[in-house]
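# Examination of the molecular architecture
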Amino acid sequence: MPKTSRADSFWNTLTNSFHYKSVSSRLEPTERRKFEHEIDPSTSNLLEKAKAESQSQLLARADLGEIDTTKQQGRPWEVGIWTRFPFLSMACLLAILASMAGLTAVLEISNGKNIETWDSRTVTVANHRRQWKVGVSTWISVFNFVMGQALAAMFAEAVAISWWVDALKGQTLDHLHFRWEVGTSFIKIILRFRFWGWICIASVAFTAFSGLETLLQTASSPILDLSQFQTEVTAIMANALPAGFSAVYATVAHGFNAPDYYTSPFVEILKNYSIQSPIYLDLDGCPSIANGWCTVTLPGIGFQYTCTATRGSVMWQTTHPSPNGSTIFDVHFAQEGWQITLNAAWKDAPEASDTALAQQICTLVPALVQYPVNVTSQGIVTLEPPTAFVNWTSNSTNTGNTTFHVDEVIHTLPMPGYDIAQENMIGAALPGTHSTLGGIGIALSSLFDSSIIAGWDPTNGWAHITLQGSFCAPYAQFTYGTTNDYMMKNTIPSPIGELFKDIRDIMFRSTVAIVQNNITGYNFNGHPESQDSRPPVENVTRPAAYFVYATIYSTNHLILGLGIGLMLLAILAIMPLYWGFWDLGRKVTMSPLEVAKALHYSTKLNPETEALEVYSVLEARDRDDKPSTLGSNFSDDELVGLLGSTRVKYGEVAPNVLGIGMEVFTSAAKKGRSYH
């Protein structure tokens, strides 16, 4: 056949590419595979010769004006690193790295910050000021969104580059299809039960990136934190007991002074003590913030304790029991002059003996002491445990109980002149006059005087137990029972700690009540009495510690480091997909139109006519009894089964035409050559 006829035949077929003519479909399968894969050099030369003749005929027709060359110039195949550099992916990578840096900065800056005040802004909306806050979790979500979207765009471009580079080198349709579907979802790896190529690693890494975003969401969490700050507080505190503070004389007695009933202010103090009502104190300098409180040491009215510790006997007579029994617990208070005496005894040894009874005699002298207290934001005061120790006298023989703590004494308080005048009166105090310490002595005696007496009962074998006073009730616990034989095995704990605690509570309440109720003292300058104009109080300023429970952000650096590190590793796993991008001569995507255009047209050499014939790699072969268009209603799995083994290549399938054709009939695209 003349050359011009072959060129015309080629061009007619080119312009009417839907009329396919396939010679290979008439070949036997084994012959076709040999035809496709084992073309000898002479056949390859015929292929290049046919392409050259077709190109010559096209140029000749262009010279005759039969073809408008302005429409056929096409675009050059431009390769190179900078020409094909994936700038979009680079921008996405920079966005991801910047988001990682921003996320890390937010987590580090917010670590330990108050959740209510961190990143708080006040804005004006409709002439009203509103507080606008962006929480750490919101920032994490924003950065995760940016990283997720950027990596998605980056991965899409990487998959497209990898797919087209693989097609440039020559690949089977099965592998190209697998590369594409794994690029859409790593689930395909599981469904296909197939792990092939770096694309699988990259797909898993891309999917894991989303999971790491969820992990980073837990890198910051709110926790309850106790913070301490130093401050200075001021309060008004009583520095002495007002004269005639606690009791009133009602009767005329001769030879001694004993008050009869409490003053009205002291009645309220005892009432509040009995129901344990909250103590309120006006403390300036302690911030009024919820969940906050101040710890400070304030001066107040208390006692100086001087104690003597000895041992006493407990007799348990079996043959001639004492008719009065044996004292195994006793508490007794007595007030005389400017002091109160405490006598306490308790059986702390497991047998009856001459030293089975612990005895403690304490002298309580009014003093100005240091009270360590907690004051809440609502002004409620609670006493902290005291830190000083009891003063033991030199004649103490049982000072093992040195764990008894009392408040530190600033100085003892002198006896008011009012009380001195009362003592110096000839005869007895006048009815209606007052006592400063007498009411406190009566209160302590009424509240705490009590005893437990155990007696041997020879009649029925059970000890006779006698309790007096309510304070001893919790101490009347007999683990070994109350039979005559086992009664003395029981021991009783010391009441001293509880007594000191209760006395301390009453005296601190008295200190606060003197200020709050403006309790003034009396003057003994005749009868009737007169009262002072001002209570014995003073302003005191003390350093304090301010504590507050606040909800703060806590950054988990392990999760942060692990999340960022694995994200960077996932990005590195995607980077190999870009390999070979410089071999591409145009921008590529996985657009269906772009891929369909490449698969739509290719050519192959007819060995009988030595001419190029239009051919599609999507034609069904090995189907002599089926049409070449078989598969138009096939699923992707069925198409892969039908066409997957075909080796194809993206390149020059005809003069100035690029497409995906059979590898043996497709030559590499030429740098700088224009293609339609």
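Each value, and the rule that gives it
- Residues numbered from 1 in each chain as written.
- Predicted model: local features only at pLDDT ≥ 70, side-chain atom pairs only at ≥ 80, totals over all residues.
- Heavy atoms only, no water.
- Buried < 20%, exposed > 50% of the residue type's maximum accessible area, 1.4 Å probe, protein only.
- Helix = DSSP H or I, 4+ residues; strand = E, 2+ residues; numbered from the N terminus.
- Expected span 1.5 Å × (residues − 1).
- Contact = heavy atoms within 4.5 Å.
- Phe/Tyr/Trp six-rings, centres within 6.5 Å; stacked < 30°, edge-to-face > 60°.
- Pairing = 2+ DSSP bridges.

What follows deals with unusual backbone geometry. Backbone geometry at Asn-518 places phi at a positive 50°, although glycine is not the residue there. Look at Asn-518 and you get partly exposed, because its relative accessible area is 46%. Look at Asn-656: it is not a glycine, yet its phi comes out positive at around 60°. Along the polypeptide, Asn-656 turns up in the loop between strand E26 (647-654) and strand E27 (657-662). Look at Asn-656 and you get buried, because its relative accessible area is 16%.

Moving on to helix H4 (residues 87-110). Here H4 is 24 residues long and its end C-alpha atoms lie 34 Å apart, about the 34 Å a rise of 1.5 Å per residue gives. Buried residues along H4 sit against helix H5 (136-169), helix H8 (198-217), strand E5 (220-238), strand E23 (537-555) and helix H13 (557-574). In the segment just after H4, Gly-112 is the residue with positive phi, at about 85°.

Going through the model one piece at a time under the given rule, you end up with 24 aromatic pairs. Judged by centre distance (4.5 Å) and plane angle (5°), the ring pair of Phe-155 and Phe-206 falls under stacked. Of this pair, Phe-155 sits in helix H5 while Phe-206 sits in helix H8, and the two are 51 residues apart along the sequence. With a relative accessible area of 3%, Phe-155 lands in the buried category. Measuring from ring centre to ring centre gives 5.0 Å for Tyr-371 and Phe-508, while their planes differ by 70°; the resulting arrangement is edge-to-face. Within this pair, whereas Tyr-371 is found in strand E12 (residues 357-376), its partner Phe-508 is found in helix H12 (residues 496-516), the two being separated by 137 residues in sequence. Phe-508 carries the same exposure label as Tyr-371, and that label is buried.

Attention shifts here to the environment of Gly-651. Among the structural elements, Gly-651 can be located in strand E26. Along the chain, Gly-651 and Phe-665 lie 14 residues apart, while their C-alpha atoms are 9.6 Å from each other. Other than its neighbours up to four places away in sequence, Gly-651 contacts Val-657, Leu-658, Gly-659, Thr-666, Ser-667 and Ala-669.

Assignment of secondary structure puts Thr-172 in strand E4 (residues 171-172). Residue Thr-172 is classed as buried on the basis of its relative accessible area of 14%. When neighbours within four sequence positions are excluded, Thr-172 is seen to be in contact with Gly-644, Ser-645, Thr-646 and Arg-647.

For the rest of this paragraph, the subject is the pairing of strand E10 (residues 326-336). Bridge count between E10 and strand E19 (residues 450-455): five bridges; the pairing is antiparallel. Opposite Ser-326, over in E19, you have Ala-454 as the bridge partner. The turn joining E10 and strand E11 (residues 339-347), which pair antiparallel and follow one another in sequence, is formed by two residues; a positive phi near 65° is taken by Gly-337.

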